[in-house]
Structure formats: C-alpha cells, structure tokens
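Residue-level structure breakdown
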Amino acid sequence: MKLYSFFRSSAAYRTRIALNLKGLAYDTVPIHLSKDGGKQFSPEYKAINPQMRVPALELPNGDVLTQSLAIIDYLDEVYPEPPFLPTDAVQRAKVRALAQAIACDIHPLNNVGPLKYIKSALGKEQSAIDAWYHHWILLGFDAVEALLHPGPYSFGPRVTLADICLVPQVANARRFKVPLDRFPKIVAVDAACLALPAFDKARPENQPDAE
Ligand SMILES: N[C@@H](CCC(=O)N[C@@H](CS)C(=O)NCC(=O)O)C(=O)O
C-alpha cells in the first residue's frame, strides 16, 4: 500500500495510526502542502485525489481511497483485528460522535486551506488567524473533554476510532500553542495513546518527510 501523506497533516496522521494499529506495512509518498505553492495542487496528485488533499491510500490493486475516516473504516472492515469500534451499538455511536466532533467540526476550521484563505483573500493578520485557530480548538475541546471517559483511552481500556482522531488534533493544538491545562482528560488520553508504538510511530516527527 502507498500512503500519500504530509508529516504535519492530522488527517494523514489519523490514517498512519490506523495502519500501524492494524500492523499493515505501507510506503509513504510525501505530498508537501506548502512547498512550491502546495504539491497537492500538482496535476499528478490531482489525478490521484481530485480533492487535492491528503491522505490518499493506494491499494496494491491500484484502487485509491480518500478521506481519512473512509480509509479507516475500510481498514477496519478488511482487517478486523484489533477492532476500532466497540461491540455495543450505543458505545459505537459515542465513539463515532467523538471522532466526528473532531474530524467534521473542529479540524475543517483550522485546516491549511481555510487558514490560507483568511490570510490572503481576507487579508487578516497572523494574530487574527491565531485567535481564530485557538477559538475553535478551545470550543471544540470543551465538548470533547465532557464526552471523554478515559480508562485510559477515550472510551475505556481499548483504543478506538475516537483516540485515532483525538491524538492528531491534540498535536495540532500543541503546535499552535493552544493552552491545554483546562483539558486534563484530553491530555491524559493523549499521553496513554502516545505510549503505544502504533501512535508513536505515526507522530509527525517520526515521518520520513519530517522537517
Ligand atoms: N476530511 C478530510 C480532510 C483532508 C484534509 O483536508 N487534509 C489537509 C491536511 S490535514 C489537506 O490536505 N489540506 C490541503 C489544502 O487544504 O490545500 C480527511 O479526513 O481526509
């Protein structure tokens, strides 16, 4: 398998964690999101992922999957061990809700494209962009903190999809110096996950394209 990835991309980070948890080997194809205006916009990459975003996962038969949550679902369906969702339907819904709170509500607001647009098209200063970034993470994390039941992972003793989404979002928050002291549960879950080799290996600084 080939993973089109960027070391700092949190959507790619989710996918790397999922691949590592399933014990699947893959080759990383780095797509630099800012060099030369962004390699994601090259015609070659657009042919791979018309959405011009990472990640994309190319399967051995040449099929290309996009959207980290869809890729992670695929991996969980095809490689069921260890499962990313609990067996109980209510717990499954809670895990998915936390994953979606991050992937659908928090992450899009502080993604590269929208931040670039605020800066160049709307002409905002970096301080305004940082304030925007902090605002949406803090608001989102207030809800995430209330939803978590660490034990030691987001929803008990097994890693789930919720952890796969949470850890990369915490990494983003730390990179942008968002204070995390009011989120003790988030910080504890993050630390428990990062102690696992599958999470550690997926960290941005451990990627072949890390800068
Ligand atoms: N919902 C998508 C988000 C993918 C995404 O937006 N990736 C970002 C990096 S984290 C990207 O490639 N951005 C490029 C751009 O906005 O130009 C997923 O989960 O895969």
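Residues numbered from 1 in each chain as written. Predicted model: local features only at pLDDT ≥ 70, side-chain atom pairs only at ≥ 80, totals over all residues. Heavy atoms only, no water.

What follows concerns the packing of helix 6 (residues 126-147) against helix 8 (residues 184-194). Contact geometry of helix 6 with helix 8 gives a least axis separation of 8 Å together with a crossing angle of 75°. Classed by the angle they form, the pair helix 6 and helix 8 counts as roughly perpendicular. Along its contact with helix 6, which presents Phe 141, Val 144, Glu 145 and Ala 146, the element helix 8 presents Pro 184, Lys 185 and Ile 186. Of the residues in the contact of helix 6 with helix 8, the class split is 5 nonpolar, no polar and 2 charged. (Axes fitted to C-alpha atoms, helices over the stretch in contact; angles between N-to-C directions. Helix = DSSP H or I, 4+ residues; strand = E, 2+ residues; numbered from the N terminus. Parallel < 35°, antiparallel > 145°, perpendicular 65-115°, else oblique. Contact = heavy atoms within 4.5 Å. Nonpolar A, V, L, I, M, F, W, Y, C, P; charged D, E, K, R; others polar.)

Attention now moves to the nonpolar core. One finds Ile 17, Leu 21, Phe 141, Val 144, Leu 166, Ile 186 and Phe 199 to be the most contacted residues of the largest nonpolar core, which totals 51 residues. For this core, the leading source of residues is helix 7 (residues 161-175), giving 8 residues. The contact partners of Val 144, leaving out residues within four places of it in the chain, are Leu 98, Ile 102, Ile 106, Leu 166 and Ile 186. Core analysis: the next-biggest nonpolar cluster, separate from the first, contains 8 residues, Tyr 4, Phe 7, Val 54 and Ala 56 among them. (Core = buried A, V, L, I, M, F, W, Y, C linked by side-chain atoms within 4.5 Å. Buried < 20%, exposed > 50% of the residue type's maximum accessible area, 1.4 Å probe, protein only.)

Moving on, we get to the pattern of salt bridges. One pass over the full model with this rule turns up 7 salt bridges. Of the charged contacts, one joins Glu 58 and Lys 2 as a salt bridge, the two residues approaching to 4.0 Å between their closest N and O atoms. In this pair, Glu 58 is assigned in strand 3 (residues 56-58) and Lys 2 in strand 1 (residues 2-5), connecting sequence segments 56 residues apart. By relative accessible area, which is 33% here, Lys 2 ends up partly exposed. Among the ionic pairs, Arg 182 bridges to Asp 142, the shortest N-O distance being 2.9 Å. Of this pair, Arg 182 sits in the loop between helix 7 and helix 8 while Asp 142 sits in helix 6, and the two are 40 residues apart along the sequence. By relative accessible area, which is 45% here, Arg 182 ends up partly exposed. Since its relative accessible area comes to 35%, Asp 142 is described here as partly exposed. A cluster of three or more residues bridged by salt bridges with shared partners is formed by Asp 200, Arg 203 and Glu 205. (Salt bridge = Lys/Arg side-chain N within 4 Å of Asp/Glu carboxyl O.)

What surrounds the ligand is a group of 15 residues, the closest being Arg 53, Val 54, Gln 67, Ser 68 and Asn 111. Separating an oxygen atom of the ligand from a side-chain N or O atom of Gln 40 is a distance of 2.8 Å. A distance of 3.2 Å separates an oxygen atom of the ligand from a polar backbone atom of Gly 113. If you map the ligand onto the pockets, it falls in the largest pocket. Looking at the shell around the ligand, its residues break down into 5 nonpolar, 8 polar and 2 charged. (Near = heavy atom within 4 Å. Polar contact = N/O pair within 3.5 Å; in protein donor to acceptor, adjacent residues only side chain to side chain. 1 Å grid on protein atoms, 1.4 Å probe; cavity = no way out; pocket = protein on both sides within 12 Å on 5 of 7 lines; lining within 4 Å. Sits in = over half its atoms within 2 Å of the grid points.)

Here the focus is the environment of Leu 196. For Leu 196, the position within the fold is in the loop between helix 8 and helix 9 (197-202). We classify Leu 196 as partly exposed; its relative accessible area is 24%. Distance in space between the C-alpha atoms of Leu 196 and Pro 83 is 16 Å, their sequence separation being 113 residues. Setting aside its immediate chain neighbours within four residues, Leu 196 contacts Tyr 153 and Val 159.

Taken by themselves, the reported measurements are silent on function.
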